[in-house]
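A structural walkthrough
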Amino acid sequence: MKHLVAGFAAGLSLAILAAAPAFAADSVLDTIKQRGYIICGTSQGVPGFSSQDDKGVWRGFDTDICRSLAAAIFNDPTKAKYIPLSSKDRLATLQSGDIDVLPRTTTWTLGRDVGHGVSFTAVNYYDGQGFIVRKKLGVDSVKQLDGASICVAQGTTTELTLADYARTHNMKFEVVAFADLDGTVQAYEAGRCDAYTTDLSSLAGTRTKLKNPDEHLLIKEVISKEPLGPWVRKGDIAWFDLVRWTVFALLDAEELGVTQANLDEMLQSKNPEIRRLLGQEGNFGESLGLTKDWVVRIIRAVGNYGESFDRNLGEGSPMKLPRGINALWTQGGAQYAPPIR
């Protein structure tokens with residue numbers, strides 16, 4: 001009997017091992033270090049978040065996450081490659097391993113977090129779905145759009161939220177869906193639909209690029225919660241932690257008053273929180289597979305969260321978006337990062 005039990009146990013162990021998924025020996029961080037650069041999924045061009053300048057250089061609030069990661073790993077923010085992705089392809093491309101990280105205006109939802117083999121890391125922008133219409137339409141409320149045709153991009157939460165709103169308020173919309181962002185915006189501008197709906201931050205950027213921006217109005221109602229931030233593949237908790245804490249480091253730096261301009265001065269600070277943030281105390285960088293000065297590298301390359309926001313989205317940018325809910329918690333907003341300790 002003992003032999004039968006032992007044989008059964010051994011067979012069961014072998015069966016479990018055979019059924020277990022095979023994981024690559026190298027972590028994502030190891031692969032990136034061996035490759036010599038990070039591969040980031042980005043949008044096909046969302047002003048303020050990720051778009052190419054006239055020299056073909058990718059810039060934006062989301063792009064700064066990639067630059068921060070490249071700075072933290074290589075001490076060189078230019079060691080990043082960007083792959084433009086449509087909304088419908090972005091998560092599949094991440095899951096397939098063709099990119100290392102997806103910091104691309106992608107809303108955190110339960111379905112995405114558990115059903116696509118990917119994980120959300122941290123909120124770098126709190127957004128909400130809104131609408132843009134032509135002023136001549138005489139509309140200033142979403143409820144006045146009953147029966148209207150609405151342009152949306154495929155593969156987004158926008159479609160689902162629009163359908164939910166219609167059901168909740170007993171309204172009907174004629175949905176005109178397009179495969180990519182450019183096609184959606186072009187259709188709206190060409191008059192193929194009465195309104196265009198997506199995240200308000202994206203709409204603000206889109207409005208600045210329309211032929212006659214003053215002819216268009218952003219309806220001030222928000223019909224959803226859209227927490228945005230970088231995504232990674234499941235299965236590598238160390239890489240998940242590194243990406244998440246890179247976002248947190250940007251926020252902690254702003255809260256502690258550490259900027260590009262005063263970084264050298266802050267390196268002499270006696271404040272224990274600042275000393276831990278900048279690697280003067282503790283081994284937090286090493287615990288992430290980086291160097292002690294990983295946050296120093298990030299701040300030198302990108303600045304803190306507030307500096308990135310202002311440069312790409314806020315008063316220092318063409319969009320002039322207010323910080324609003326994306327202000328730090330100490331200033332009445334929702335942005336809040338755990339301490340490095």
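This write-up is about the structure you can find in this document. (Residues numbered from 1 in each chain as written. Predicted model: local features only at pLDDT ≥ 70, side-chain atom pairs only at ≥ 80, totals over all residues. Heavy atoms only, no water.)

A look at the overall build of the protein
This is how it is decided: Each helix is a run of DSSP H or I of at least 4 residues and each strand a run of E of at least 2, with the numbering of both proceeding from the N terminus. Relative accessible area decides the class of each residue, using a 1.4 Å probe on protein chains only: under 20% of the type maximum gives buried, over 50% gives exposed, and in between gives partly exposed. A contact between two residues is defined here by any heavy atoms of the two lying within 4.5 Å. Note on areas: these come from Shrake-Rupley sampling with a 1.4 Å probe, and a residue is covered only by the protein chains present in the view. Two residue types count as positive, namely Lys and Arg, and two as negative, namely Asp and Glu; His and chain ends fall outside the count. For the purpose of locating charges, the reference atoms are NZ of Lys, CZ of Arg, CG of Asp and CD of Glu.
Per the secondary structure count, the protein includes 14 helices and 13 strands. Referenced to the eigenvectors of the C-alpha coordinate spread, the extents of the protein come out at roughly 80 × 65 × 40 Å. Considering the protein as a whole, with its 341 residues, one finds that 51% of them fall into the buried category. Counted over contacts in the protein with a minimum sequence separation of 6, partners at least 24 positions apart contribute 71%. Accessible surface, the protein: about 16400 Å² in total, of which carbon and sulfur atoms supply 53%. Seen as two clouds, the 37 positive and the 40 negative side-chain charges of the protein have centres 2 Å apart.

Quick word on the packing of aromatic side chains
Our working definition: Think of it this way: a Phe, Tyr or Trp ring, Trp meaning its six-membered ring, pairs with another when their centres are within 6.5 Å, and the plane angle makes it stacked under 30 degrees, edge-to-face over 60, tilted otherwise. Criterion for a charge above a ring: Lys NZ or Arg CZ within 6 Å of the ring centre, and within 35 degrees of the ring normal.
Considering all chains together, one arrives at 13 aromatic pairs under this definition. Between Trp108 and Phe120 the ring centres are 4.5 Å apart and the planes differ by 10°, which places this aromatic pair in the stacked class. Of this pair, Trp108 sits in the loop between helix H4 (90-96) and helix H5 (110-115) while Phe120 is found in strand S5 (residues 118-120), placing the two residues twelve residues apart along the sequence. Looking at Phe120, the relative accessible area reads 5%, which means it is buried. Measuring from centroid to centroid gives 5.0 Å for Trp245 and Phe248, while their planes differ by 85°, and the two rings are edge-to-face. One end of the pair is Trp245 and the other is Phe248, both in helix H9 (residues 237-255) and three residues apart, which spans about a single turn. A connected cluster of aromatic rings, assembled from ring pairs, spans Phe49, Phe61, Tyr125, Tyr305 and Phe309. Above the face of the Tyr188 ring, Arg134 is positioned so that its terminal group lies 4.5 Å from the ring centre.

Observations concerning the sheet that holds strand S10 (residues 195-199)
Put simply, the test is: Two strands form a pair only when DSSP identifies at least two bridges running between them. For helices, the axis comes from a line fit to the C-alpha atoms of the stretch in contact; other axes are also lines fit to C-alpha atoms, and the angle between any two N-to-C directions lies between 0 and 180 degrees.
Pairing within the open sheet is mixed, and its five strands lie in the order S9-S8-S10-S7-S11. The outermost strands of the open sheet, each flanked by one partner alone, are strand S9 (174-178) and strand S11 (216-219). Pairs of neighbouring strands in the sheet enclose a mean axial angle of 30°, with direction left out of account. The strands touched by helix H8 (residues 200-209) are strand S7 (129-134), S10 and S11; relative to S10, the strand with the most contacts, the crossing angle is about 125°.

Concerning the state of the cysteines
Stated precisely, the cut-off is as follows: We call a pair of cysteine sulfur atoms a disulfide whenever their separation is within 2.5 Å.
Inspection of the entire model under this criterion finds two disulfides. Between the sulfur atoms of Cys40 and its disulfide mate Cys66 the distance is 2.2 Å. The S-S bond linking Cys40 to Cys66 shows a torsion near -140°; that makes this disulfide left-handed. Linking Cys40 in strand S1 (residues 38-42) with Cys66 in helix H3 (residues 63-74), this pair joins segments that are 26 residues apart in sequence.

Quick look at the environment of Lys79
With respect to the helices and strands, Lys79 occurs in the loop between H3 and strand S4 (80-84). If we skip the residues at most four places from it in the chain, Lys79 touches Gly36, Tyr37, Ile38, Ala70 and Phe74.

Section: the layout of surface pockets
A probe as big as a water molecule, rolled over the atoms, marks out the empty space that is left. Worth spelling out the cut-off: A pocket here means an open set of points on a 1 Å grid, computed over the protein atoms alone, that has protein on both sides within 12 Å along at least five of seven lines. A cavity is instead a set of points where a 1.4 Å probe fits but cannot get out; residues with an atom within 4 Å of a point line either one. Grid points are joined across faces, edges and corners, and a volume is the space filled by probe spheres set on the points. Each residue is assigned to one class: nonpolar for Ala, Val, Leu, Ile, Met, Phe, Trp, Tyr, Cys and Pro, charged for Asp, Glu, Lys and Arg, and polar for all the others, Gly among them.
Estimated volume of the largest pocket: approximately 390 Å³. Every residue lining the largest pocket is counted, 22 residues in all, and those nearest its centre are Tyr125, Leu200, Ser201, Leu321 and Pro322. The set of elements that each furnish at least two residues to the lining of the largest pocket consists of strand S6 (125-127) and H8. A per-element tally of the lining of the largest pocket places H8 first, with five residues. For the lining of the largest pocket, the residue count by class is twelve nonpolar, six polar and four charged.

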